[in-house]
Amino acid sequence: MYTKEIERTLAQLAKDLLSHLQQQRLLHSVDETLEALRRVIVYNDWRYYVQSEPVISDYEYDQLFAWLKKLEVENPHLVSADSPTQRVAQGLTKEFITVQHLVPMLSLENSYNADDLIDWDRKARESAGLPEIEYCIEPKFDGASISLIYEDDRLVRGATRGDGIAGEDITTNIKQIRSIPLSASFSKYGIHQIEIRGEVLINKNTFKAFNDKRIAENQPPLANPRNAASGSLRMVDPNEVAKRGLEAFLYHMSYHVMDTGKTEPAEIQTHSGTLDLLSTLGFRSPAKEKKVVKGIQAVIDYCLWFETERDNLPYEIDGMVIKVNDYALQDKLGMTTHHPRWAIAYKFKARQATSKLRHVEFQVGRTGSVTPVAKIDPVHIGGVTVSSISLFNEDVIREKDLKLGDTVLVERAGDVIPYIVKSVDDLRNGTEQPIVFPTHCPVCSDQLVKPEGESVWRCTNINCEAQVVERMIHFVSKDAMDIKSFGESNVRKFFSLGLLKDIPGIYELDFDKIGQLEGFGKKSLTNLQTAIEQSKTQPLHRLIFGLGIRYVGETTAKTLANAVSHIMDLQTWTEEQILTLEDIGPKVAGSIRLFFANHDNIEMLNRLAALGINMANTQSSLPVSGNLTGQTFLFTGTLTKLKRSDAEEMVEQQGGKIVSGVSSKLNFLVVGEEAGSKLEKAKKINTIKILSEDDFLAMIQP
Ligand code: IVH
């Protein structure tokens, strides 16, 4: 679609537009400016969402987009239906109307091994009367299938698969997917109307960030990217859909009508040609991932090789699809009532298995939350043995109607933690028992409470042994005080032997006694001693995070550490004062206040201080010179490649400073996904440079 020359022209056009914008001038006329803005924005959408290689910064893009919007508001008669602004939706969808597909969406026959494929190829060759067939192989995307209709180059309808005959009209939501063009030059190839099919996905990183957020908010995570994608497509608020970061691959032309008098171009005589054409027209298709081969052995080889690459892909695939490449031959082979004879899915090794749910353990976390954990007969899924699965909270047990003795379907997709998909009702025999949620703490027997509006039961006894142990495990952990050779098992061991009772006790361990324990040679003892000693000088934010104050994550811990010169300063801070800090709301502020108002906690901090643990904000010990010396940074929105705390540490390591709010003192605002008011505020201050996460990464590279 874009030759090198056109790309160069568009790059120049983007520059011209930006400089005209700065001088508040139009190109020549409003018409011409609108046209140029649209071309540049559509091109940059393609670079960003289809090619994953942006050529202008997010900030520049946002400026151009805002200009386009402004001009269209001022000149409503010049708004075109395929203007990039038309993706933006107003209002909620009341109901999704059922629509017929132009051609039924059939499913594919499955194969699981080389023999299945050899068998399928033999039948196809016999039926075609050919010694060898040319196949096109591509990934089988594990998302939600969609069908799109373009008429006279315009996207006129997007629908879900539904029952294959009819689906739901989700055009407005489809328009929120920026890799799907609102218009595409099919007419150049003589195509008047076309129905194309594909799969909507959420990539693994976006999915993980989304679930991390849910877990932090005490909501059960979504099961897998596939469910997240199909759920997102049916959301009633298109603006929410836009925030989900959906992507789409288009892989099948199911129907087309040529313009009168036009014959089919060579590009659409074969499946691989169609994938290339879709890619040329600006769609994301598996044009690069596909492979055209002759004979089934080459198919098998490619499938086996691709399976080894599965975990390296940014999105989930659950197999490969093998299609007869030549459309004329596809027609000759035809279809059964269920699936085409010219295509077959090769399914990768299952990441699902069934097992028996034997019992449910109730684990008490460091904040007293009681989490049900299903204990199942060990099963092997995708290379690991699974025997324990978190059920998150009581609601999950109820929603999935789980019973002890049930046969359960377990899934473990890629990096996703294993989860129970459902219980297999048909295999119940009446002996299954209900799962009874305890009313009292399984460790200290205190009565459990569930605050109004929450889904988690809690033990409120802060001296509950389970909480004490979990707090110590948290304190020594990697993101907190990072006491390397300590770890969960040593905390549990020392606690059970009475050698360790509380957090300060970590610095008072009797190493003579530990030296007598099995498994503690001289070397491991020295390692442990050194690691404990070294942790005394950890920066203040690690100590604050390590204390395990409810709702205080790594970022809040840093904000707090940066706001004081000594931890004890917080003892005198009022809730109002805490609320003035960046990103701290009433819930978090209340919890911090409660922690520092508690006598036991203050006593613990005094003991730690007496034991020589750093309690001061030692920012001055940071490098005084580095690439970023004297520069201030602030991060906003969700970063997808870096953890925010790591990114902040990178800045500090190079001599830069993290500040807590947008002001003229800020030099760089690094903007992640779903950035909000800070970005808006920063845009109004000329001296602040706005960076995307990628810009930041490029800048920080040594
Ligand atoms: S071709 C008539 N190609 O797998 C054949 N399907 O059971 C049309 N899928 O419902 C489908 N990746 O949602 C095709 N590269 C691919 C695919 C693919 C995923 C899904 C699709 C379909 C199901 C088949």
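Residues numbered from 1 in each chain as written. Predicted model: local features only at pLDDT ≥ 70, side-chain atom pairs only at ≥ 80, totals over all residues. Heavy atoms only, no water.

An unreviewed UniProt entry annotates the protein as DNA ligase of Chitinophaga nivalis. In the Function (unreviewed entry) part of its UniProt record, the protein is described as follows: "DNA ligase that catalyzes the formation of phosphodiester linkages between 5'-phosphoryl and 3'-hydroxyl groups in double-stranded DNA using NAD as a coenzyme and as the energy source for the reaction. It is essential for DNA replication and repair of damaged DNA." (UniProt positions renumbered as here; feature names shortened; annotations may be inferred.)

Student: How do you make sense of the overall build of the protein when you look at a structure like this?
Tutor: Scanning the protein from terminus to terminus reveals 24 helices and 24 strands. Here the C-alpha radius of gyration of the protein, 30 Å, is about what a compact globule of 702 residues would show, namely 27 Å. Summarising its shape, the C-alpha atoms of the protein cover approximately 90 × 75 × 50 Å along the three principal directions. Of all 702 residues assigned to the protein, the portion counted as buried reaches 49%. In the protein, the proportion of contacts linking residues at least 24 apart, taken out of those at least 6 apart, comes to 68%. Accessible area of the protein: about 34,000 Å², with a carbon and sulfur share of 50%. Of the charged side chains in the protein, 81 are positive and 95 negative, and the gap between their average positions amounts to 2 Å. (Helix = DSSP H or I, 4+ residues; strand = E, 2+ residues; numbered from the N terminus. Rg over C-alpha atoms; globule rule 2.2 N^0.38 Å. Buried < 20%, exposed > 50% of the residue type's maximum accessible area, 1.4 Å probe, protein only. Contact = heavy atoms within 4.5 Å. Areas by Shrake-Rupley, 256 points an atom, 1.4 Å probe, with all protein chains shown as cover. Lys, Arg positive; Asp, Glu negative; His and termini not counted. Charge placed at Lys NZ, Arg CZ, Asp CG, Glu CD.)

Student: Is there a simple way to explain the sheet that holds strand 11 (residues 343–347) in this structure?
Tutor: Backbone hydrogen bonds are what pair the strands of a sheet, in a parallel or an antiparallel way. Taking strand neighbours across the sheet as the criterion, the 5 strands line up as 2-11-10-3-9 in an open arrangement whose pairing is mixed. Pairing within the sheet leaves two strands with one partner each, and these edge strands are strand 2 (110–111) and strand 9 (291–294). When strand 3 (residues 134–141) meets strand 10 (residues 317–324), the two strands line up antiparallel, connected through 7 bridges. The partner of P139 across the bridge, within strand 10, is M320. (Pairing = 2+ DSSP bridges.)

Student: Please explain the sheet that holds strand 21 (residues 632–636) as it appears in this structure.
Tutor: Spatially, 22-21-23-24 is the arrangement adopted by the 4 strands of the open sheet, whose pairing is parallel. The sheet is open, and its two edges are formed by strand 22 (657–658) and strand 24 (689–692), each paired on a single side. The strands that helix 24 (residues 693–700) touches are strand 21, strand 23 (668–671) and strand 24; relative to strand 24, the one it contacts most, it runs at about 95°. (Axes fitted to C-alpha atoms, helices over the stretch in contact; angles between N-to-C directions.)

Student: Explanation requested: the site of the ligand in the structure shown.
Tutor: Neighbouring residues of the ligand: 14 residues in total, closest E138, P139, F141, E199 and K323. Residue K140 places a side-chain N or O atom 3.3 Å away from an oxygen atom belonging to the ligand. In the model, a nitrogen atom of the ligand is placed 3.3 Å from a nitrogen or oxygen of the Y251 side chain. A total of 530 Å² of accessible area belongs to the ligand in isolation, and the protein chains cover 90% of it. (Near = heavy atom within 4 Å. Polar contact = N/O pair within 3.5 Å; in protein donor to acceptor, adjacent residues only side chain to side chain.)

Student: Any chance you could explain the UniProt feature "active site" (unreviewed entry) in the protein here in plain terms?
Tutor: UniProt's feature table lists "active site" (unreviewed entry) at K140, given in the numbering used throughout. Once residues within four sequence positions are removed from consideration, K140 is found in contact with I317, D318, G319, M320, V321, A345 and K347.

Student: How should the packing of aromatic side chains be read in this particular structure?
Tutor: In this description, a pair of aromatic rings is defined by centroid distance and the angle of the planes. Here the structure, examined in full by the defined rule, presents 25 aromatic pairs. Taking the centre distance of 6.2 Å and the plane angle of 10° together, the rings of F141 and Y251 count as stacked. Of this pair, F141 sits in strand 3 while Y251 sits in strand 8 (residues 246–258); the two residues are 110 residues apart in sequence, bridging distant segments of the chain. A residue is classified by how much of its surface remains accessible, and F141, at 4% relative accessible area, is buried. (Phe/Tyr/Trp six-rings, centres within 6.5 Å; stacked < 30°, edge-to-face > 60°.)

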